[in-house]
Amino acid sequence: MRPYILARPVLLASIASWCLTALADTTVHAETVKRQRFVQPVQTSGVLVNPSEQTLAFKTPGVVAKVLVREGQSLRKGQVLAELDQAEIDAEVQQARALLAEAQRAEERLRKLFASNVVPLDQLQSAQTSVEVIAARLRIAEFNQRHATIEAPGSGVVLKKLIEPNELVNAQRPAFIFAEEGRGWVIRVGISDRDAVRVSEGDVAQVTLDAYPDRTLDAKVSEVAAKASPGTGTFEVEVSLPAQPQKMLSGMVSRVRITPATQQTLMLLPLTS
């Protein structure tokens, strides 16, 4: 055992000498930590939607007599899209007009008799009420007559046609999906709660459409939801895009990059530290 006992102190001395040499060769450098304001963009995607998209329908039920447009057709304001068969509606208007004329004659006759003290006042008042009721009924019939046709509310395009000639339609049943032109576009996207607290109305955004991958379009955040969507748990953000010269179609897939106005303060350290 003596050789082991004598060798142990020598080994410990060698290790200690090596450690002192390594520490002597080590140089410590001080680096400055910098603070910098930084904006973390929000990357998301959505689909292009026309903000003026609306559903057009007939006011009254009836049989479709004519459908004068096709899907994708451009229209001018006031152009007729479809008409109902107005035979029944016209008959209701004529009936109401005839009843009103008769009620007015009866009211005029009772007015003269009342002036001669032949009939009491309440009988004259009943005749006057009948005139008012029938006149209101005539206004309703004429209103339905005017709305037996569907007209374009503005210059735009027919996105979808939902009725055909000779089809019996109910009141308020969707007949066309229509969108006005020149109103720009919107992209509705869903973002997480972490991003929703950083995004505000008016923040700038850049949009890239899959149909035009080489073009970046300037946009702006126009609306931020205050409540998460029940199904996804995300917050809906609406990004407004001005009208563009190139052809745009509702439903186009869009890539959106939102730059929040709110900045974050970050600590920057050199990579060598």
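Everything numeric in this text was worked out from a predicted model, so none of it was measured.

Caption draft 1: Summary view of the packing of helix H2 (residues 87-115) against helix H3 (residues 121-146). Closest axis-to-axis distance for the H2/H3 pair is 8 Å, and the angle between their directions is 160°. Classed by the angle they form, the pair H2 and H3 counts as roughly antiparallel. Here the hand of the crossing between H2 and H3 comes out left-handed.

Caption draft 2: Main features of the environment of Ala196. Summarising the element assignment, Ala196 is placed in helix H4 (residues 193-196). Residue Ala196 is classed as buried on the basis of its relative accessible area of 12%. Separated by 39 residues in the primary sequence, Ala196 and Phe235 place their C-alpha atoms 6.6 Å from one another. Leaving out residues up to four positions away in the same chain, Ala196 has contacts with Ile191 and Phe235.

Caption draft 3: Examining the sheet that holds strand E12 (residues 204-209) more closely. Pairing is antiparallel in the closed barrel, where 6 strands are placed in the order E2-E11-E14-E13-E12-E15. This sheet shows a mean twist of 40° between the axes of neighbouring strands, independent of strand direction. Sheet analysis places strand E11 (residues 185-191) next to strand E14 (residues 235-241), joined by 7 bridges and oriented antiparallel. What sits directly across from Val189, in E14, is Val237.

Caption draft 4: Here's a closer look at H3. Between its first and last C-alpha, H3 extends 38 Å over 26 residues, near the 38 Å set by a 1.5 Å rise per residue. Taken residue by residue, H3 has Leu124, Ala127, Val131, Ile134, Ala135, Leu138, Ala141 and Asn144 as its buried positions. For H3, the secondary structure elements touched by its buried residues are H2.

Caption draft 5: Representation of unusual backbone geometry in the model. The phi dihedral of Asn117 falls on the positive side, at around 60°, and the residue is not glycine. Tracing the sequence through the fold places Asn117 in the loop between H2 and H3. Residue classification places Asn117 among the exposed residues on the basis of a relative accessible area of 71%. One non-glycine residue, Gln172, adopts positive backbone phi at about 70°.

Caption draft 6: Spatial organisation of the sheet that holds strand E5 (residues 74-75). Ordered in space as E3-E10-E8-E5, the 4 strands form an open sheet in which the pairing is antiparallel. Strand pairing shows two members of the sheet lacking a second neighbour, strand E3 (54-57) and E5, which therefore form its edges. Pairing geometry for strand E8 (residues 156-161) and strand E10 (residues 174-180), over 5 bridges, is antiparallel. Counted as the bridge partner of Gly156 is Glu180 from E10.

Thresholds, definitions, all that
- Residues numbered from 1 in each chain as written.
- Predicted model: local features only at pLDDT ≥ 70, side-chain atom pairs only at ≥ 80, totals over all residues.
- Heavy atoms only, no water.
- Axes fitted to C-alpha atoms, helices over the stretch in contact; angles between N-to-C directions.
- Helix = DSSP H or I, 4+ residues; strand = E, 2+ residues; numbered from the N terminus.
- Parallel < 35°, antiparallel > 145°, perpendicular 65-115°, else oblique.
- Left-handed = near helix turned anticlockwise from the far one by under 90°.
- Buried < 20%, exposed > 50% of the residue type's maximum accessible area, 1.4 Å probe, protein only.
- Contact = heavy atoms within 4.5 Å.
- Pairing = 2+ DSSP bridges.
- Expected span 1.5 Å × (residues − 1).

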